[in-house]
Amino acid sequence: MAETYKVAVLAGDGIGPEITQQALRVLRLIEQKRDVVFACDEVEFGAAAYFSTGKAFPDATKKACDEADAILKGPIGLSHEESEKIPVEERPERGALLPMRRRLNTYANFRPISLPKGMAHFSPLKPEIVSEGIDIMLIRELIGGLYFGSKERGETEEGLRYVKESLDYDEQQIRQILVVAFKESMKRKKILHNIHKSNVLISSVLWNEVLEEVALDYPEVRVIHMLVDAAATHLCLNPCQFDVMVMENMFGDILSDQAGGILGSLGLMPSACIGPDKAYYEPSHGSAPDIAGKNLANPYSMIGSVALMLDMSFGMTEEAKAVWQAMQSVFQAGFSTGDLSSASSGNTLLSTSEFGDKVLESLEGLIV
Ligand code: IPM
Ligand code: MN
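Residues numbered from 1 in each chain as written. Chains lettered and ligands numbered in written order. Predicted model: local features only at pLDDT ≥ 70, side-chain atom pairs only at ≥ 80, totals over all residues. Heavy atoms only, no water.

A short note on the site of ligand 1
Consideration 1: Taken together, the residues surrounding ligand 1 are Glu93, Leu97, Arg101, Arg111, Arg140, Tyr147, Asp253 and Ser284.
Consideration 2: In this structure, an oxygen atom belonging to ligand 1 sits 2.7 Å away from a side-chain N or O atom of Arg101.
Consideration 3: Contact between ligand 1 and Arg140: an oxygen atom at 2.8 Å from a side-chain N or O atom of the residue.
Consideration 4: Isolated, ligand 1 exposes 320 Å² of accessible area, and the fraction of that covered by the protein chains is 78%.
Consideration 5: The element best represented in the shell around ligand 1 is helix α5 (residues 92-104), accounting for three residues.
Consideration 6: Of the residues assigned to the shell around ligand 1, the class counts are two nonpolar, one polar and five charged. (Near = heavy atom within 4 Å. Polar contact = N/O pair within 3.5 Å; in protein donor to acceptor, adjacent residues only side chain to side chain. Areas by Shrake-Rupley, 256 points an atom, 1.4 Å probe, with all protein chains shown as cover. Helix = DSSP H or I, 4+ residues; strand = E, 2+ residues; numbered from the N terminus. Nonpolar A, V, L, I, M, F, W, Y, C, P; charged D, E, K, R; others polar.)

Structure (structure tokens):
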């Protein structure tokens, strides 16, 4: 009997459906090659779900996620103008994505920042900085901090509008993400950059206290402390010093987009969101409404999210490696996508589906 994995597929908004389609082709190919079935349940999520059901995270989608072994999720969101047509609480970010993260308790967000040597030319950084490529694992706490703290809006006694939102963490929340980071460091170079802002925020002071405690269990890991603002500079000037980086939610949101920038495109940023019972996989970028439906988007981040799912949820490490290798070989053969290269670059620019074709062709030879 073939091993069967249930995958809830939430294609999302904008370019979501077209890049998801390419990612699913990869799963279908692996099914042909291995004794495995990916039972995919495609459900609505985000703005698309709101317009058809009135809810951004409908009950049917919650059920599909609850029943799934893993979840593959495309980007969500709309242009500013389109967003305005949806009540604030049902907008895809507030109404779907954040509730999903909380519901599934996916506190550990893995964002690989990877540019193999053969793709180093995509980076806007000088060749001497990135000639060896970039290989960082950014670990972002995903269900705490400012994103989930209490929020208040009102008027002061003087009649001024004010807002107040709080950055909340307890020590257990901090410990669990730090343990993930130390474990990841043990699998890699045993160097862990702890990114914080303890010169200003007491949340960072507590974070660092807990880190000292957790570190006792991982004496082989060398911890390097770095303030978040300094980390932003170092990511540009010397990204190769980093191996594993760990940080709270908001810092991780910002630095991971910067990381996409040093790779050359957010289109190269897949991610894994892992909780104690459930995991979901998603690109780190938005839904790019300006190019949606035009067969232009680079599906790398979505296919990369499949690779992370194969590895982290299904233990299919070899197959995951083959998927990465297949994508790299497409770029190495002189092909590219519009987000990474201009028409005058000398690369042959591929559409979304053509990129999928090339990846499949290459993967065919890599998985025997
Ligand atoms: C991300 C995204 C989300 C975030 C948005 C869509 C709410 O930017 O996954 O990085 O801020 O976490
Ligand atoms: Mn973000």
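The discussion continues.
Remarks on the pattern of salt bridges
Consideration 1: On inspection of all chains with the given rule, the structure shows 22 salt bridges.
Consideration 2: One salt bridge connects Arg140 with Asp253, and the closest N-O pair in it is separated by 3.8 Å. Placement of the pair is Arg140 in strand β5 (residues 134-141) and Asp253 in helix α10 (residues 249-263), with a sequence separation of 113 residues.
Consideration 3: Note on Arg140: relative accessible area 1%, which makes it buried.
Consideration 4: We note a salt bridge from Lys151 to Glu165, for which the minimum N-O separation is 2.9 Å. Residue Lys151 is found in strand β6 (residues 151-155), and its partner Glu165 is found in strand β7 (residues 161-165); the two are separated by 14 residues along the sequence.
Consideration 5: Of the residues examined, Lys151 reaches a relative accessible area of 52% and is grouped as exposed. (Salt bridge = Lys/Arg side-chain N within 4 Å of Asp/Glu carboxyl O. Buried < 20%, exposed > 50% of the residue type's maximum accessible area, 1.4 Å probe, protein only.)

A word on the side chain of Glu248
Consideration 1: Along the chain, the position of Glu248 falls in the loop between β10 (244-247) and α10.
Consideration 2: Of the side chains with opposite charge, Arg140 comes closest to the buried, unpaired Glu248, at an N-O distance of 7.7 Å.
Consideration 3: Within the structure, Glu248 has its side chain in polar contact with the backbone nitrogen of Met250 (distance 3.0 Å).
Consideration 4: Among the polar contacts listed, one links the side chain of Glu248 to the backbone nitrogen of Phe251, at a separation of 2.8 Å. (Lys, Arg positive; Asp, Glu negative; His and termini not counted.)

Examining the packing of helix α12 (residues 317-332) against helix α13 (residues 352-366)
Consideration 1: Orientation of α12 relative to α13, taken along the N-to-C sense of each, is 125°, at an axis distance of 8 Å. The angle between the axes of α12 and α13 places the two elements in the oblique class. Seen along the crossing, α12 lies across α13 with a hand that is right-handed. Residue-level contacts link Ala322, Val323, Gln325, Ala326, Met327, Ser329, Val330 and Phe331 of α12 to Phe355, Lys358, Val359, Ser362, Leu363 and Leu366 of α13.
Consideration 2: Grouping the constituent residues of the contact of α12 with α13 by class yields ten nonpolar, three polar and one charged. (Axes fitted to C-alpha atoms, helices over the stretch in contact; angles between N-to-C directions. Parallel < 35°, antiparallel > 145°, perpendicular 65-115°, else oblique. Left-handed = near helix turned anticlockwise from the far one by under 90°. Contact = heavy atoms within 4.5 Å.)

Thoughts on the pairing of strand β1 (residues 3-10)
Consideration 1: Here β1 runs beside strand β2 (residues 36-43); their pairing, made up of eight bridges, is parallel. Within the sheet, the bridge partner assigned to Val9 lies in β2 and is Glu42.
Consideration 2: Handedness of the β1-helix α1 (residues 16-33)-β2 crossover: right-handed.
Consideration 3: Looking at chain direction, β1 and strand β3 (residues 70-73) are connected through four bridges and run parallel. Looking across to β3, one finds that Leu10 is bridged to Lys73. (Pairing = 2+ DSSP bridges. Right-handed = clockwise from strand over helix to strand, strands pointing away.)

Brief notes about the packing of aromatic side chains
The geometry of an aromatic ring pair is captured by two quantities: the separation of the ring centres and the angle between the planes.
Consideration 1: Following the criterion strictly, the structure yields eleven aromatic pairs and no others.
Consideration 2: Plain terms: the ring middles of Tyr169 and Trp207 are 6.0 Å apart, the flat faces sit at 75° to each other, and that makes the pair edge-to-face. Of this pair, Tyr169 sits in the loop between β7 and α7 (171-187) while Trp207 sits in helix α8 (residues 202-215); the two residues are 38 residues apart in sequence, bridging distant segments of the chain. When sorted by exposure, Tyr169 lands in the same class as Trp207, which is buried.
Consideration 3: Taking 6.2 Å as the distance between ring centres and 50° as the angle between the ring planes, the aromatic pair formed by Tyr300 and Trp324 counts as tilted. Here Trp324 lies in helix α12 and Tyr300 lies in helix α11 (residues 300-312), a separation of 24 residues in the sequence.
Consideration 4: Using a relative accessible area of 2% as the deciding quantity, one classes Tyr300 as buried.
Consideration 5: Here the aromatic residues Phe122, Tyr300, Trp324, Phe331 and Phe355 are joined through ring pairs into a cluster of three or more.
Consideration 6: Above the plane of the ring of Tyr147 lies Arg140, whose end atom (NZ or CZ) is 5.3 Å from the centre. (Phe/Tyr/Trp six-rings, centres within 6.5 Å; stacked < 30°, edge-to-face > 60°. Lys NZ or Arg CZ within 6 Å of the ring centre and 35° of its normal.)

Thoughts on α11
Consideration 1: The terminal C-alpha atoms of α11, which comprises 13 residues, lie 18 Å apart, in line with the 18 Å expected from a rise of 1.5 Å per residue.
Consideration 2: Within α11, eleven of the 13 residues are buried, which leaves it mostly tucked inside the rest of the structure.
Consideration 3: Listed in full, the buried residues belonging to α11 are Tyr300, Ser301, Met302, Ile303, Gly304, Ser305, Val306, Ala307, Leu308, Met309 and Leu310. (Expected span 1.5 Å × (residues − 1).)

Brief notes about the environment of Gln173
Consideration 1: With respect to the helices and strands, the residue Gln173 is situated in helix α7.
Consideration 2: Look at Gln173 and you get buried, because its relative accessible area is 17%.
Consideration 3: Spatially, the C-alpha atom of Gln173 lies 8.7 Å from that of Glu141, the residues being 32 residues apart in sequence.
Consideration 4: Every residue in contact with Gln173, bar those within four places of it in the chain, is listed here: Ile143, Gly144 and Asp168.

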